[in-house]
Amino acid sequence: MTLSGIQIAPSILSADFAHLGRDIAAVERGGADLIHVDVMDGHFVPNITIGVPVVKALKKFATRPLDVHLMISEPDRYIDDFANAGADMISVHVEAATHLHRTIGHIKSRGVKAGAVINPATPVTMLEDILADLDFVLVMSVNPGFSGQAFIRHSLDKVRRLREMLHQVGSAAPIEIDGGIDPLTAAEAVSAGASILVAGQAVFGTPDAEAATRALRTVATAVARA
Ligand code: DX5
Ligand code: ZN
């Protein structure tokens, strides 16, 4: 898989867990590029969501790559399980990974795209010495744990600075942004340099997830071309 161009990644955290297949089919019809899967352990973040068995089940159903966002302590212990379950992308938080270089190497050794995630209060400089090894970077624009939170505007500045840092190390790795993304913030994020847009409430919190997915792409693509 390649990660170039605008990628729309609906977050199933806001979907109806009793009708996950139906909801995923809707966003795929709407042109979703990735399916964003939020794994939370009730320890690294104050919420518990889903894990390996759900990723395995989704793999049989989804036609788009699975973008697995691990919000868990000690992520190293579960990389193989998620890779075996069919994750196409795995991202780990720098705040949770003690040996980030090893973890990123481990993810890549499984043929999975590897990303590092930073929380709103984590400075972009924390990524300086790992940037060249990353397939993508994920900037949290809310504090992780829940869908439907307000976008933290300072994240846009972080995206801009990261884009420059990536350029400095000769990397074209995409920047993913996650939290409070809707058509307005999506436009701002793309103009700051993000290209993978995660959206939960702005997709599944609407009456028509298919149309909402399409609307995000329309606005993001327009900004990217401008
Ligand atoms: C938050 C998760 C997000 C969340 C985004 O911790 O990582 O992926 O589902 O939801 P919205 O788009 O509603 O902020
Ligand atoms: Zn997420």
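Here the structure is shown first, and the text comes after it.
Reference entry: report on the structure contained in this document.

Rules of the game
Residues numbered from 1 in each chain as written. Chains lettered and ligands numbered in written order. Predicted model: local features only at pLDDT ≥ 70, side-chain atom pairs only at ≥ 80, totals over all residues. Heavy atoms only, no water. Core = buried A, V, L, I, M, F, W, Y, C linked by side-chain atoms within 4.5 Å. Buried < 20%, exposed > 50% of the residue type's maximum accessible area, 1.4 Å probe, protein only. Helix = DSSP H or I, 4+ residues; strand = E, 2+ residues; numbered from the N terminus. Contact = heavy atoms within 4.5 Å. Salt bridge = Lys/Arg side-chain N within 4 Å of Asp/Glu carboxyl O. Right-handed = clockwise from strand over helix to strand, strands pointing away. Donors = N, O, S within 2.8 Å, 3.2 Å for Na, K, Ca; no water. Tetrahedral: all angles 85-135°; square planar, octahedral: opposite > 155°, others 65-115°.

So, the nonpolar core
- With 65 residues, the main nonpolar core has Val-68, Ile-90, Leu-127 and Leu-162 as its most contacted residues.
- With 5 residues, the top contributor of residues to this core is helix 5 (residues 154-168).
- Sequence-distant contacts of Leu-162, that is, excluding residues within four places in its chain, are made with Ile-118, Val-124, Leu-127, Leu-131, Val-137, Val-139 and Ile-175.

Section: the pattern of salt bridges
- Following the criterion strictly, the structure yields 10 salt bridges and no others.
- Of the charged contacts, one joins Arg-77 and Glu-74 as a salt bridge, the two residues approaching to 3.7 Å between their closest N and O atoms.
- The exposure class assigned to Glu-74 is partly exposed, which follows from its relative accessible area of 48%.
- It is possible to trace a salt-bridge network through shared partners that takes in Asp-16, Arg-22 and Asp-23.

Concerning the pairing of strand 2 (residues 35-40)
- Among the 6 residues in strand 2, 6 count as buried, and that is most of the element.
- For the crossover from strand 2 across helix 2 (residues 52-61) to strand 3 (residues 66-71), the handedness is right-handed.

Some points on the coordination of the zinc ion (ligand 2)
- Coordination of the zinc ion (ligand 2) by the protein is provided by His-36 (NE2), Asp-38 (OD), His-69 (ND1) and Asp-178 (OD), with metal-donor distances spanning 2.0 to 2.3 Å.
- Classification of the site at the zinc ion (ligand 2) as octahedral follows from its 6 donor atoms and the range of 70 to 171° in their angles at the metal.
- Motif for the zinc ion (ligand 2), donor spacing along one chain: H-x1-D-x30-H-x108-D.

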